[in-house]
Amino acid sequence: MSVPHPLLQSILIPLIAAIVIVIAGKKLKEIAGWISCGSLIYSTIMLTLAGMRIWVNPAPIYEEYAWSELAKLKFGLLADGLSLPVALIANLICAACAAYSIPYIRHRIELIYGGDDWGLYRFYFVLYTFFAIGFTGISLSTNLIEMYLFVELVLIPFYFLMDLFGYIDRHRIAIMCFIWSHVSAALFLVGAVLAYVKIGSFEISSLSSLMGMDALLVCFFILIGWLIKMAVFGFHVWVPWVHAEHPTCIAAILATIVGLGNYVIVRLLVQHLFATFKIFSIPLMIWALITMVYGAFLTLAQDDVKRLCACSTISQNAYSLLGIASCTALGVVGGVFYFISHIIGKCILFSVAGILVYQTGMRDMKRLGGLASKMPLTAALFVIGAMILSAIPPLSGFQAEWIMFVGIFRQGFQGSTTGLLIALIGIFATFLTLIYTFWPIKRIFFGPLPDELKNVKRAPLVMTMPLLILAIISIILGVYPDILMKFLNSAISLS
Amino acid sequence: MFETLRMFYAPWICWVSPFIGSILSLFIGGEDDVKLKGMIASTFTGISWIMALLMLPDILKPGLRDVWIGWITLPYGEPIRAGILLDPLSIILVNIVSFISLLVMVYSIKYMEEEYGQARYWSLMSLFVGGMLLLVLADNFIFFFIGWKIVGFCSYALIGHYYMDEKKYWIGGPPPHPFEKPSTCGLKALIVTSLGDVAMLAGILIIYLYAGTFNFLTLISTTDIWMTKMAANPGIITLTIILLLGGPIAKSAQFPLHVWLPEAMAGPAPVSALIHAATMVKAGVFIVARLFPIFFNGYWVNGFSEAFNFFSIIAILGTLTAFITAANALVSLELKKILAYSTMSQIGYMMLGLGVAGMSVNATITGYVGGLYHLLSHALFKAALFLCAGLVIHVTGSIYIHDKGLNRKYMPMTWIFMWFSALSLAGVPPFSGFWSKDEILMACVNAGQYGLFLIALLTAGITCFYSIRMIGYIFHSRSGELEEGHGEPKLMWIPFGILSSLTLILGLIGYWLGGILHDTFREYFINVLGIPLTASAHTPASLTEVIIPSLSIVMLLVAGTPAYIFYISHKMDSWKLVNANAALRLFHKILWNRWYIDKLYTITFVKGLHLLRPIVQRYIEDPIDFFLNIGVPRFFAIMCSGIRRIQTGIASINILYILIFLTSMVMIILVVI
């Protein structure tokens, strides 16, 4: 059984769904959400089928469509061991959050605009679907311009979603986020154009023909562009604001946007410009280390549930960067694995934070407490999310973390004492994760129940079930990591 | 057919079964259905025990039991396999763990009757047992570490079982002294043990980088190759040893990471029994015993002097812990806290035994067997003591020993079995605690570590004193005995009855049991692991075999007599004695405050963190935030208004701009060309 064009379908079907939602108009009401969610589930299935094909026969799937003769551009979609898992998991997270936002966004609109506004509701899901397509596109694209366009497809709806449905200071933060993300996208574009000028092609696979200074410059621009998006120390200040003020269902996916930098770095630089990328190895590792430690302390300093999740993204994402920057096969594979594991975990944590806001209207941990008795499933989900982040088996975080650290330690023993020191500080920094995830559990869910929370109800199943599915996927990856490792191993081969 | 089942599947079923029990007990039965959930959890633990019994005949035929799946494939590496290692160590441990867990589970069915959170409790208890069995049976570091982390997580969740922090579940006090809440205690346990776990993981990864394998047996057989590579960089072996030992030191609550265990009794009593006797703290001793042959090989066979640190570190830390925590138990007033201190102290003995075993070839078998034998007898009497304590606290409604005053006539079973277990803890012959402690003392002398021997001997005296003090306060108090009859439910006293009877039975055959264990492990070391145990010229005189038991019996009498006078016959009052003497008062204060170690940690780490939180936000994050998110936009705003000012719209000025522009362009072109 072979489905025709599975990759194109995974992008096209949600696109069609978005158009259907636009045409059908306001009378769809909540069905708009289900259409969007359904189309994303469909593309998840398509990607799974593609994945099964690769599992059986480890040759990449490549689809190519004519696009523009002028710049010799082709619209290519490539699913190999690296891009497919990333696309699949990102898509799955988007599908889960689509289901989650069906009640959530209605509630949000009610709060901001007073009463149901099905026009806005429909608009949300149109934007959301575009947004979700962007991730699949970025992962599967084969040339730099295509990738840039998909980045824009993520960023523009991102601005509107924040401006229309965000929290307190949403107009200002939306502009801020827009500027930050476009500075980063512009730098990436500079790198892409520079590469085109030198080699006359936007194809990712031809990046490897860059030499010397040119390679260094291209590498630098692409790297710095994505590092801003990855919120490394110094460029991290947009993350707490943007994550905290976004509607939760988008914030839950934000870790994916932030983390996608890891994938792009591996895809572009590690796979095709490895010799040049190696020059940046030690500085990047030190930078990642500073981000890890600083991010952890910053997270510990938060009292707001949503800002807590936001700040932990800064720290968590730097783990993956540390692994990738170690320039060892294990480090890179582990780094990508950790990225995938982290976005699942972060999606769960953020969504739980959203459930808390949805059910209690409170974000301040100083006022929360004892909620485990009122919403046991939600509490269990938060604990699972915390376990993924702090690498407690049988969840996926543990497998990812040790594989990654084998790579980091290997780099440490090949290189100087600095490398070893980085590895040791790095692994001890993971200890901080445990504190900043499990301490909030105690603050939010344990202890006596404050009087103002006596009437809190359980969260609707439509919000918790998608998270439970994500948790189960994380458990599966943790119990039998070869499902993912087989893909990643086939794609990443370094000396 | 039966043989295949026994040989190949028994170990797998053994550790998988509690995991299944965990899932089933979570979903089957209503929230309050303690009977059904308890039956499910007990049944699956029971299956584990039967499987463990089936493994017993294999005690001397070690080897990897079949591996089904390549589990994790690494780029350019051998696949990591999920495999089972059966050797005397794992078979003995599996039997202890599954048997005690089964009894604790049965006890819990009655104990947990009126508590909340049934589904959570039974599911986590099963997972706890499953994790421990997994870590014992695992044949490689990664597989082992998964069990290790699961055990740590379950202990966190179970210690904090009463997460609502109701006042009746607080521990600490009595009133002028501060109380601790269960959820804090759980968090403390998780954080302290995880610090050790992180260190251990680092150690494991370093070993992997040199050895290229996680498999224990391969690590032992190829020690010469990989340790040679390691020894090329001086300091690396020592660093690895320290990192590796971080895990067991934290998990087994040894100094300096011992602070979590006294608070770990905030959970229900069966949880404490499991943590102390079977599943949590024993894991540390187990892994030290598991790693023992590696470093033994490294030092005694291949002569890497740094490998010796492994043994000296655990021996010294073990002795230190044994002493300081035993001293703490002298003054403690909470029943379960006394038991917790005694656990740390007894684990210290086990560590000491394993440590001295590696310090001299003469002491190897005695020390190694002593450590494991003590693990066995401690598991029995400590589980029994905790289960008794659960019943006693339930009946009296107080966590303290000094306001109990139970009448032994109304709780005869508890009285007699608690005495049995306490005497075994004290190391009184003929209970099993005597024989196992004796082995360890003997090993110290055989290894020529007289300093450690003296401290251990002194600690044995202290142990005897506080054991009698504890029982005396509970059952032989002078004032106000509780007259009312309280039932002793069968489901509760039978489990601890079995355990404490076993400690007597094992004690009666203790001498021969020790002999069997000696032969088993000598056989295992020499023929299976291929480690030669050539004793040097100095063979221990048979005289020591008489002197040491006599010395320890003398010590018991020296310490036991005053304890009897103070707490059972009440001829003298210990409070008066302490209050009259300033030095004793000071000593009491230091002990009561746990040598101030706990306070020091709290001030440095907990208070420090709380101090750091606003500093990070205010002095690092806010300035960066202000600079980038407000400063830079403001800079552009000022630039804009500046530029706006020169846009006057007057034609002559604009012409001037054009002229300036043109001249500068010409200049640039000229310069470039």
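Parameters and conventions
- Residues numbered from 1 in each chain as written.
- Chains lettered and ligands numbered in written order.
- Predicted model: local features only at pLDDT ≥ 70, side-chain atom pairs only at ≥ 80, totals over all residues.
- Heavy atoms only, no water.
- Helix = DSSP H or I, 4+ residues; strand = E, 2+ residues; numbered from the N terminus.
- Rg over C-alpha atoms; globule rule 2.2 N^0.38 Å.
- Buried < 20%, exposed > 50% of the residue type's maximum accessible area, 1.4 Å probe, protein only.
- Areas by Shrake-Rupley, 256 points an atom, 1.4 Å probe, with all protein chains shown as cover.
- Lys, Arg positive; Asp, Glu negative; His and termini not counted.
- Charge placed at Lys NZ, Arg CZ, Asp CG, Glu CD.
- Contact = heavy atoms within 4.5 Å.
- Buried area = accessible area lost by both parts, 1.4 Å probe.
- Salt bridge = Lys/Arg side-chain N within 4 Å of Asp/Glu carboxyl O.
- Polar contact = N/O pair within 3.5 Å; in protein donor to acceptor, adjacent residues only side chain to side chain.
- Nonpolar A, V, L, I, M, F, W, Y, C, P; charged D, E, K, R; others polar.
- Core = buried A, V, L, I, M, F, W, Y, C linked by side-chain atoms within 4.5 Å.
- Domains from an automatic or database assignment.
- Disulfide = S-S within 2.5 Å.
- Axes fitted to C-alpha atoms, helices over the stretch in contact; angles between N-to-C directions.
- Left-handed = near helix turned anticlockwise from the far one by under 90°.
- Phe/Tyr/Trp six-rings, centres within 6.5 Å; stacked < 30°, edge-to-face > 60°.
- Lys NZ or Arg CZ within 6 Å of the ring centre and 35° of its normal.
- Patch = residues over 30% accessible without salt bridge, like charges linked within 9 Å, V, L, I, M, F, W, Y side chains within 5 Å.

S.K.: Could you clarify how one ought to interpret the overall build of chain A in this entry?
M.R.: For chain A, the helix and strand inventory stands at 18 helices and two strands. Its C-alpha atoms give chain A a radius of gyration of 21 Å, near enough to 23 Å, the size a compact globule of 495 residues would have. For chain A, the spread of C-alpha atoms along the principal axes amounts to about 65 × 55 × 45 Å. For chain A, buried positions account for 68% of its 495 residues. Here chain A displays about 15100 Å² of accessible surface, and carbon together with sulfur accounts for 70% of that area. Charged side chains of chain A number 29 positive and 22 negative; the gap between the two group centres comes to 5 Å.

S.K.: Help me out: how do you make sense of the interface of chain A and chain B in this one?
M.R.: As a measure of interface size, the accessible area lost when the parts come together is often cited. At the interface, 62 residues of chain A touch 50 residues of chain B. Summing the contributions of chain A and of chain B, the shared interface buries around 5000 Å²; its carbon and sulfur component is 74%. The largest per-residue losses of area from chain A upon contact with chain B belong to Trp402, Phe413 and Phe431 of chain A, which jointly make up 12% of the total buried on that side. Residues Asp303 of chain A and Arg613 of chain B are paired through a salt bridge, measuring 2.8 Å at the closest nitrogen-oxygen approach. For the pair chain A and chain B, the interface holds 13 residue pairs in polar contact (both at pLDDT 80 or more). Of all the secondary-structure elements, those providing two or more residues to the side of chain A that touches chain B are α6 (170-199), α8 (238-245), α11 (281-300), α13 (329-360), α14 (376-389), α15 (396-414), α16 (417-445) and α18 (482-491) of chain A. In terms of residue count, α16 of chain A provides more of the side of chain A that touches chain B than any other element does, 14 residues in total. In the side of chain A that touches chain B, the residues fall into 46 nonpolar, ten polar and six charged.

S.K.: Would you explain the environment of Thr44 of chain A in this entry?
M.R.: All names here are of chain A. For Thr44, the position within the fold is in helix α2 (residues 31-56). A relative accessible area of 8% places Thr44 in the buried class. Here the alpha-carbon distance between Thr44 and Ala90, two residues 46 residues apart in the chain, equals 9.2 Å.

S.K.: In this structure, what is going on with the side chain of Ser194 of chain B? I would like to understand it.
M.R.: Inspection of the secondary structure assignment puts Ser194 of chain B in helix α6 (residues 182-211). By relative accessible area, Ser194 of chain B is classed as buried at 4%. Apart from the residues within four sequence positions on either side, Ser194 of chain B is in contact with Phe431 and Leu434 of chain A together with Lys149 of chain B.

S.K.: Got a minute to help me understand the nonpolar core in this structure?
M.R.: Side chains of a nonpolar character, in soluble globular proteins, are inclined to be buried together. In this structure, Trp402, Phe409, Phe438 and Phe445 of chain A together with Ile100 and Phe144 of chain B are the most contacted members of the largest nonpolar core, which totals 446 residues. The leading source of residues in this core is helix α14 (residues 364-396) of chain B, at 21 residues. Residue contributions to this core reach at least three from each of two domains, namely domain 1 (140-592) and domain 2 (600-672) of chain B. Phe144 of chain B has contacts with Leu135, Ala138, Met200, Phe216, Phe286 and Ile287 of chain B, leaving out every residue within four places of it along the chain.

S.K.: Teacher, can you tell me more about the state of the cysteines here?
M.R.: As used here, a disulfide is simply a covalent bond connecting the sulfur atoms of two cysteines. Residue and element names in this part refer to chain A. Applying the stated criterion to the full structure yields zero disulfides over all chains. Of the cysteine sulfurs around Cys219, a residue in no disulfide, the closest is that of Cys327, at 9.6 Å. Residue Cys219 is classed as buried on the basis of its relative accessible area of 0%.

S.K.: So what exactly am I meant to see when it comes to the side chain of Asp438 of chain B here?
M.R.: All names here are of chain B. Positionally, Asp438 belongs in helix α16 (residues 432-446). Despite its burial, Asp438 pairs with no opposite charge, the nearest such side chain being Lys437 at 9.5 Å. Non-local contacts of Asp438, meaning those with residues more than four positions away in its chain, are made with Ile548, Pro549 and Ser552.

S.K.: Just checking my understanding: could you explain the packing of α14 of chain A against helix α17 (residues 461-479) of chain A for this structure?
M.R.: Helix-helix packing is characterised by the crossing angle of the two axes and by the distance between the axes. Residue and element names in this part refer to chain A. With their axes 11 Å apart at the nearest point, α14 and α17 run at an angle of 35 degrees to one another. Both α14 and α17 take part in a crossing whose hand is left-handed. Contacts from Leu377, Thr378, Leu381, Ile384 and Ile388 of α14 reach α17 at Thr464, Met465, Leu467, Leu468, Ala471 and Ser474.

S.K.: Just checking my understanding: could you explain the environment of Gly515 of chain B for this structure?
M.R.: Along the chain, Gly515 of chain B falls in helix α19 (residues 510-528). Considered as a pair, Gly515 of chain B and Val369 of chain B are 146 residues apart in the sequence and their alpha carbons are 9.5 Å apart.

S.K.: Hey, could you run me through the packing of aromatic side chains in this one?
M.R.: Aromatic rings in a pair are described by how distant their centres are and how their planes are angled relative to each other. Evaluation of the coordinates by the stated rule reveals 74 aromatic pairs over all chains. For the pair Tyr107 of chain B and Tyr111 of chain B, a centre-to-centre distance of 5.8 Å together with 20 degrees between the ring planes defines the contact as stacked. A residue pair is termed a helical-turn pair when its members lie 3 or 4 positions apart in one helix, as Tyr107 of chain B and Tyr111 of chain B do in helix α3 (residues 88-111) at four residues. According to the relative accessible area criterion, Tyr111 of chain B is buried, its value standing at 15%. Residues Tyr299 of chain B and Trp300 of chain B carry aromatic rings whose centres are separated by 4.9 Å and whose planes lie at 90 degrees to one another, so their mutual orientation is edge-to-face. Residue Trp300 of chain B is classed as partly exposed on the basis of its relative accessible area, which comes to 32%. The ring of Trp241 of chain A is capped by Arg172 of chain A, whose NZ or CZ atom sits 5.9 Å from the centre of that ring. Positioned over the ring face of Trp55 of chain A is Lys486 of chain A, at 4.2 Å from the centre of the ring.

S.K.: Can you walk me through a nonpolar patch on the surface in this structure?
M.R.: Residues and elements named next belong to chain B. A contiguous nonpolar patch, built from Phe635, Phe636, Met639, Ile643, Ile646, Ile650, Ile653, Leu656, Tyr657 and Ile660 and spanning about 910 Å² of accessible area, is present on the exposed surface. Looking at the nonpolar patch, the elements with two or more residues in it are α23 (597-646) and α24 (651-672). By residue number, the principal contributor to the nonpolar patch is α23, which donates five residues.

S.K.: Help me understand unusual backbone geometry in this model?
M.R.: For residues that are not glycine, phi is negative in most cases, and the peptide bond is trans in most cases. Cis geometry marks the peptide bond from Pro393 of chain A to Pro394 of chain A; its omega dihedral reads 5 degrees. Relative to the assigned elements, Pro394 of chain A resides in the loop between α14 and α15. Of note, the amide linkage connecting Pro429 of chain B to Pro430 of chain B takes the cis form, showing an omega dihedral of 5 degrees. Inspection of the secondary structure puts Pro430 of chain B in the loop between α15 (412-426) and α16. The backbone phi angle of Asp165 of chain B is positive, close to 55 degrees, even though this residue is not glycine. Along the chain, Asp165 of chain B turns up in the loop between α5 (141-159) and β5 (171-172).

S.K.: I would appreciate a short explanation of the environment of Thr129 of chain A in the present structure.
M.R.: Residue and element names in this part refer to chain A. Looking at the element boundaries, Thr129 is found in helix α4 (residues 118-140). Under the relative-accessibility criterion, Thr129 is labelled buried at 0%. Separated by 88 residues in sequence, Thr129 and Leu217 have C-alpha atoms that sit 35 Å apart. With residues up to four places along the chain from it excluded, the contact list for Thr129 reads Pro14, Ala18, Ser36 and Ser39. Among the polar contacts made by the side chain of Thr129, one reaches the main-chain carbonyl oxygen of Phe125 at a distance of 2.5 Å.

S.K.: Would you mind going over the domain arrangement of chain B with me for this structure?
M.R.: Looking at the assigned domains, one finds that chain B contains domain 1 (140-592) and domain 2 (600-672). Relative to domain 2 of chain B, the C-alpha centre of domain 1 of chain B lies at a distance of 63 Å.

S.K.: When you look at the pattern of salt bridges in this model, what are you seeing that I'm missing?
M.R.: Side chains that carry opposite charge are capable of pairing whenever their charged atoms lie near each other. By the definition in use, this model includes 20 salt bridges over all chains. Of the charged contacts in the structure, one is a salt bridge between Lys198 of chain A and Asp214 of chain A, with a shortest N-O distance of 3.8 Å. You can see Lys198 of chain A sitting in helix α6 and its partner Asp214 of chain A sitting in helix α7 (residues 212-229), a full 16 residues away along the chain. Judged by relative accessible area, which is 27%, Asp214 of chain A ranks as partly exposed. A salt bridge links Lys149 of chain B to Asp197 of chain B; the nearest nitrogen and oxygen atoms lie 3.7 Å apart. Of this pair, Lys149 of chain B sits in helix α5 while Asp197 of chain B sits in helix α6, and the two are 48 residues apart along the sequence. Grouping residues by exposure puts Lys149 of chain B and Asp197 of chain B together as buried. Among the charged side chains, a salt-bridge network with shared partners connects Asp303, Lys366 and Arg443 of chain A together with Arg613 of chain B.

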